[in-house]
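# Secondary and tertiary structure notes
One-letter residues, chain by chain:
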Amino acid sequence: MQLYSRIKEASWFEFNPKLVAALAALLDKHGRYNESEALISEAVSKLDRHRELAMFYCNLVESHSKQSSTHGFDSCYTQLYQLLCSSSSVYVKRRAFESMVSGLCTMDRPSEGESLMEEMRGNGLKPSIFEFRSLMYAYGRIGLLSDMLRIVHQMEDEGLVIDTICSNMVLSSYGAHNDLPQMVSWLQKMKTSTIPFSIRTYNTVLNACPTISAMLQDLRNNIPLSMDELHGTLKGDEALLVKELEGSQVLEEAMVWDSMEVKLDLHGMHLGSAYFIMLQWIEEMRSRFSLNNDGKPVVPAEVVVVCGSGKHSNVRGVSPVKTMIKEMMVRMKSPMRIDRKNAGCLIAKGKSVKDWLC
């Protein structure tokens, strides 16, 4: 708070309601209620227009919910609801309902959020996919999986598309409650409905596989170094989950292949996903090192695996993905080595990689 007070006295400072809302919520979470309320009062005094005031309270509701601050959330929720009731603006009403439904769901109060969504309909506003996703994910997160599916069916009945984002939320909910058979069924539904998999799909599914997670916790273990070995290690639902992930476009999207360079980008992948994609990539590389129409081997000049340097890791500068990939390459006697110009990459000449794989 003292830092903010000093910053706002600077000549370049511009009042930002969203920043004030985030700071007020943080202060409230830490029990500094008087400072939080003073900051809110100061902001309210600067906001003359009804619409600006409503948007500020929308930001407050969202910020308090993200901080899981019940004290601050309930207070600003009441204020926003009063502003909503007194407003004639459709935009203000829609944004207020959106923030309140989302906030209640983030606070793990989806039944209240669902009641509010019905009130939204009573005000002549049709709920968007955002409100439905918020409800669906909140029910799933707290383990009310039948209610989660009920919301999914409501979305389908209203003509809303169950896309990759919705599907990842469903998978995440099943994974959080160790319901692997339902994850298998949902992946099969995604394939049947041609819903694309994403990196997050891989992250969610593979994080839910206890055998894979346990193997990768300690790289001194003899982890499987081929897809065949991995299939031989996994059993039951884990084996089925891994089987369902194969053949998706995620590998294709993570890979660039041309005559100058083959690049695999592992950014955004958790440890299990990076491991699984790496095994898939090795198989794909082996099959692509084939003959073209002229009977000459197709060999790129360079092969690069982008692992990241650990800027966003729990320990800055230490990339678990890079550590794992490096260990895999050493065990497989690969020519891939850490790039001297970019510590976040492994690199090798294309010919050396071809000779290694073939």
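All values derive from a computational prediction rather than experimental measurement. (Residues numbered from 1 in each chain as written. Predicted model: local features only at pLDDT ≥ 70, side-chain atom pairs only at ≥ 80, totals over all residues. Heavy atoms only, no water.)

Bringing the overall build of the protein into the picture now. Summing up its helical and strand segments, the protein has 19 helices and five strands in all. Each of the three principal axes of the protein carries a C-alpha extent, and together these read 75 × 55 × 40 Å. Counting over 358 residues, the protein shows a buried share of 46%. Taking the contacts inside the protein whose residues are at least 6 apart along the sequence as the reference set, 63% of them involve residues at least 24 apart. Surface exposure of the protein reaches about 18,200 Å², of which carbon and sulfur atoms provide 51%. Both charge centroids of the protein, one from 40 positive and one from 42 negative side chains, sit 7 Å from each other. (Helix = DSSP H or I, 4+ residues; strand = E, 2+ residues; numbered from the N terminus. Buried < 20%, exposed > 50% of the residue type's maximum accessible area, 1.4 Å probe, protein only. Contact = heavy atoms within 4.5 Å. Areas by Shrake-Rupley, 256 points an atom, 1.4 Å probe, with all protein chains shown as cover. Lys, Arg positive; Asp, Glu negative; His and termini not counted. Charge placed at Lys NZ, Arg CZ, Asp CG, Glu CD.)

So, on to the pairing of strand β3 (residues 302-306). With four of five residues buried, β3 lies mostly within the body of the structure. Relative to β3, strand β2 (residues 261-265) is paired through five bridges, and the arrangement is parallel. Across the sheet, Asp265 pairs through a bridge with Val306, a residue of β3. Bridging between β3 and strand β5 (residues 345-349) involves five bridges; their strand directions are antiparallel. Counterpart to Val304 in the pairing with β5 is Ile347. (Pairing = 2+ DSSP bridges.)

Within helix α12 (residues 199-207), the full set of buried residues consists of Thr201, Tyr202, Asn203, Thr204, Val205 and Leu206. For α12, the elements touching its buried residues are α10 (164-176), α11 (180-192), α13 (210-217), α15 (236-245), α16 (250-254) and α17 (271-288).

With respect to topology, five strands assemble into an open sheet ordered β1-β2-β3-β5-β4, the strand pairing being mixed. Strands with a single pairing partner mark the edges of an open sheet, and in this sheet they are β1 (255-257) and β4 (337-338). In terms of strand pairing, β4 meets β5 through two bridges, oriented antiparallel. For Arg337, the partnering residue across the bridge sits in β5 and is Ile347.

Okay, the pattern of salt bridges next. Counted according to the given criterion, the structure contains 19 salt bridges. Residue Glu35 is joined to Arg32 by a salt bridge in which the shortest nitrogen-to-oxygen separation is 2.7 Å. Judged by its relative accessible area of 28%, Glu35 falls in the partly exposed class. According to the relative accessible area criterion, Arg32 is partly exposed, its value standing at 38%. Here the residues in one salt-bridge network are Glu62, Arg95 and Glu98, joined through shared partners. (Salt bridge = Lys/Arg side-chain N within 4 Å of Asp/Glu carboxyl O.)

Within the secondary structure, Pro196 is located in the loop between α11 and α12. Overall, Pro196 belongs to the partly exposed group, its relative accessible area being 43%. For the pair Pro196 and Thr164, spaced 32 residues apart in sequence, the C-alpha separation works out to 6.1 Å. For Pro196, the residues in contact, after removing those within four places along its chain, are Thr164, Met190 and Gln249.

With numbering aligned to this structure, UniProt lists the feature "repeat: PPR" (unreviewed entry) at residues 93-127 and 128-162. Regarding residues 93-127, the helix share stands at 77% and the strand share at 0%, and the terminal C-alpha atoms are separated by 12 Å. (UniProt positions renumbered as here; feature names shortened; annotations may be inferred.)

So, on to the side chain of Arg133. Note on placement: Arg133 falls in helix α8 (residues 129-141). Not counting residues up to four positions away in its chain, the partners in contact with Arg133 are Asp163, Ile165, Cys166 and Met169.

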